[in-house]
Amino acid sequence: AKALEYFNKVRTRAGLPTKASLTFDDILKERRLELAVEADYWFDLLRIDRAKAISLISQQERGYYGDPYPNVNSTKVTPKETDFIFPPP
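Nothing here was measured: the structure is a model prediction, and the numbers come from that model.

Some details on the overall build of the protein
Argument step 1. In terms of helices and strands, the protein carries 4 helices and 2 strands.
Argument step 2. Each helix and strand of the protein, ordered N terminal to C terminal, gives the series α-α-α-α-β-β.
Argument step 3. Over its C-alpha trace the protein gives a radius of gyration of 17 Å, far above what one expects of a compact globule, namely 12 Å for 89 residues.
Argument step 4. C-alpha extents for the protein along the principal axes are approximately 45 × 40 × 25 Å.

Printed below as a string of structure tokens:
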């Protein structure tokens, strides 16, 4: 109940409607939006189930707007399990 209270305070501050319940996906999405420019989303993806992380990344558009605008050059990437493992130093 306390987490939902704080979650809704953030949404109210942003001018968004409050939620009656809270799921893990809600929290993950909110963290992605709040921390977008801080590059912390990758570390959230490392902490969750690998299949879910791969699914989330695979759905992201990695392309760019081309010429003539608004032509979208679509690029989607599906990471492998090993892409989440850093090499030994």
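Overview of the layout of surface pockets
Argument step 1. Within this model, the largest pocket holds a volume of roughly 160 Å³.
Argument step 2. If you go around the largest pocket, the residues you meet are D25, L28, K29, R32, Y41, K52, L56, Q59 and Q60.
Argument step 3. If you list the elements that add at least two residues to the lining of the largest pocket, you get α2 (24-34) and α4 (50-58).
Argument step 4. The dominant element in the lining of the largest pocket, judged by the number of residues it contributes, is α2, at 4 residues.
Argument step 5. In the lining of the largest pocket, the residues fall into 3 nonpolar, 2 polar and 4 charged.

Some remarks on the side chain of D26
Argument step 1. Tracing the backbone through its elements, the reader meets D26 in helix α2.
Argument step 2. According to the relative accessible area criterion, D26 is buried, its value standing at 18%.
Argument step 3. There is a polar contact of 3.1 Å between the side chain of D26 and the backbone nitrogen of T23.
Argument step 4. Apart from residues no more than four positions distant in its own chain, D26 is found in contact with F7, K19 and S21.

Observations regarding the packing of helix α1 (residues 2-13) against α2
Argument step 1. In the contact formed by α1 and α2, the axes pass within 12 Å of each other and the chain directions differ by 40°. It follows from the interaxial angle that α1 and α2 lie oblique. Handedness of the α1/α2 crossing: left-handed. Between α1 and α2, the residues in contact are F7, V10, R11 and R13 and D26, I27, E30 and E34, respectively.
Argument step 2. A breakdown of the residues in the contact of α1 with α2 according to their chemical character gives 3 nonpolar, no polar and 5 charged.

Quick notes on the rules
- Residues numbered from 1 in each chain as written.
- Predicted model: local features only at pLDDT ≥ 70, side-chain atom pairs only at ≥ 80, totals over all residues.
- Heavy atoms only, no water.
- Helix = DSSP H or I, 4+ residues; strand = E, 2+ residues; numbered from the N terminus.
- Rg over C-alpha atoms; globule rule 2.2 N^0.38 Å.
- 1 Å grid on protein atoms, 1.4 Å probe; cavity = no way out; pocket = protein on both sides within 12 Å on 5 of 7 lines; lining within 4 Å.
- Points joined across faces, edges and corners; volume = space filled by probe spheres on them.
- Nonpolar A, V, L, I, M, F, W, Y, C, P; charged D, E, K, R; others polar.
- Buried < 20%, exposed > 50% of the residue type's maximum accessible area, 1.4 Å probe, protein only.
- Polar contact = N/O pair within 3.5 Å; in protein donor to acceptor, adjacent residues only side chain to side chain.
- Contact = heavy atoms within 4.5 Å.
- Axes fitted to C-alpha atoms, helices over the stretch in contact; angles between N-to-C directions.
- Parallel < 35°, antiparallel > 145°, perpendicular 65-115°, else oblique.
- Left-handed = near helix turned anticlockwise from the far one by under 90°.

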